[in-house]
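Here are the chains, one letter per residue:
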Amino acid sequence: MEGIFFILIGAALFTQSWYILGLYSEGRTMGVLVGGLGLLALGIFALGGTMDATLLVVNDKADAAKVLTEMTVLKALMMVWIAYTFGVAAHGLWEFEDRAIGFYSGFVAVVSLIVFLFFAIELRSVYTDAVWLLMAAAPAVLMLLAAISFFYLAFQWMVLRLVTGWFMLLGSGAVIGIGLVMIGTDIA
């Protein structure tokens with residue numbers, strides 16, 4: 001579930017980066033694509049995933065509590081990013097103000113930072129290096145992308161348009177790559 005979710009969010013950010021770089025003639029194209037990817041991510045979120053199955057295997061209550069905490073933190077990150085995709089889709093479809101997405105990006109950046117710190121600190125002692133590095137890398141890249149989107153959209157600094165577009169283009173590729181590694185190695 002987690003790998004597919006990161007692929008879908010990366011694809012949504014890739015689509016948004018094309019809009020920021022001016023490669024779409026109108027915002028409706030971006031709105032439809034990002035909205036569709038957001039609906040797919042919502043479906044993945046609703047289906048649950050592999051971390052839910054690990055709770056059934058764990059017998060110790062302390063270990064079950066740790067797994068439940070990890071699941072809750074990851075699902076909070078997922079909900080925040082799904083709401084972000086719906087906001088970007090609404091902006092594209094109905095041409096809402098950019099600043100609203102920018103200020104919400106600030107909130108998303110803070111949540112992603114908290115999830116990054118949680119995964120980097122808590123998962124290091126429980127899982128192997130490959131698992132905790134992948135689970136911490138995805139929120140770190142997402143936090144960077146949300147932060148730069150915040151500064152570009154919330155404050156309307158047009159100087160950052162190309163920087164934001166290229167960061168989102170390359171960063172979305174990194175998020176997609178992390179998701180593909182998760183699926184390919186069956187980490188999460």
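Residues numbered from 1 in each chain as written. Predicted model: local features only at pLDDT ≥ 70, side-chain atom pairs only at ≥ 80, totals over all residues. Heavy atoms only, no water.

Asker: Would you mind going over the packing of helix α5 (residues 98-122) against helix α6 (residues 129-155) with me for this structure?
Answerer: The packing of two helices is summarised by the inter-axis angle and the distance between the axes. Running from N to C, α5 and α6 cross one another at 155 degrees; their axes reach a closest spacing of 7 Å. By the criterion of interaxial angle, the relationship of α5 to α6 is roughly antiparallel. Crossing angle aside, the handedness with which α5 passes α6 is left-handed. Looking at the contact of α5 with α6, its residues break down into 22 nonpolar, 5 polar and 2 charged. (Axes fitted to C-alpha atoms, helices over the stretch in contact; angles between N-to-C directions. Helix = DSSP H or I, 4+ residues; strand = E, 2+ residues; numbered from the N terminus. Parallel < 35°, antiparallel > 145°, perpendicular 65-115°, else oblique. Left-handed = near helix turned anticlockwise from the far one by under 90°. Nonpolar A, V, L, I, M, F, W, Y, C, P; charged D, E, K, R; others polar.)

Asker: So what exactly am I meant to see when it comes to the nonpolar core here?
Answerer: Where a protein is soluble and globular, its nonpolar side chains tend to be buried together. F5, F6, L13, W81, Y84 and F119 are the most contacted members of the largest nonpolar core, which has 49 residues in total. Elements that contribute at least two residues to this core include exactly α1 (2-20), α2 (27-47), α4 (61-94), α5, α6 and α7 (161-185). For this core, the leading source of residues is α6, giving 12 residues. The residues contacting F5, other than those within four sequence positions of it, are A41, I44, M78, W81 and I82. (Core = buried A, V, L, I, M, F, W, Y, C linked by side-chain atoms within 4.5 Å. Buried < 20%, exposed > 50% of the residue type's maximum accessible area, 1.4 Å probe, protein only. Contact = heavy atoms within 4.5 Å.)

Asker: What exactly am I supposed to notice about α6 here?
Answerer: Because each turn of an α-helix spans 3.6 residues, side chains separated by three or four positions end up pointing in the same direction. End to end, α6 covers 38 Å across 27 residues, agreeing with the expected 39 Å (1.5 Å per residue, within 8%). Immediately downstream of α6, the backbone of Q156 shows phi near 55 degrees, a positive value. (Expected span 1.5 Å × (residues − 1).)

Asker: Would you mind going over the packing of α6 against α7 with me for this structure?
Answerer: Packing of α6 against α7 leaves a shortest axis separation of 10 Å and a crossing angle of 160 degrees. Here α6 lies roughly antiparallel to α7, going by the angle between them. Handedness of the α6/α7 crossing: left-handed. On α7, the residues that touch L134, M135, A137, A138, V141, L142, L144, L145, I148, S149 and Y152 of α6 are R161, V163, T164, F167, M168, G171, S172, A174, V175, I178, V181 and M182.

Asker: Honestly, the environment of V115 in this entry has me stumped. Any pointers?
Answerer: When you line up the elements, V115 lands in helix α5. Take V115: its relative accessible area is 3%, and that puts it in the buried class. When the C-alpha positions of V115 and P139 are compared, they lie 6.5 Å apart, and in sequence the two are 24 residues distant. Non-local contacts of V115, meaning those with residues more than four positions away in its chain, are made with V73, L77 and P139.

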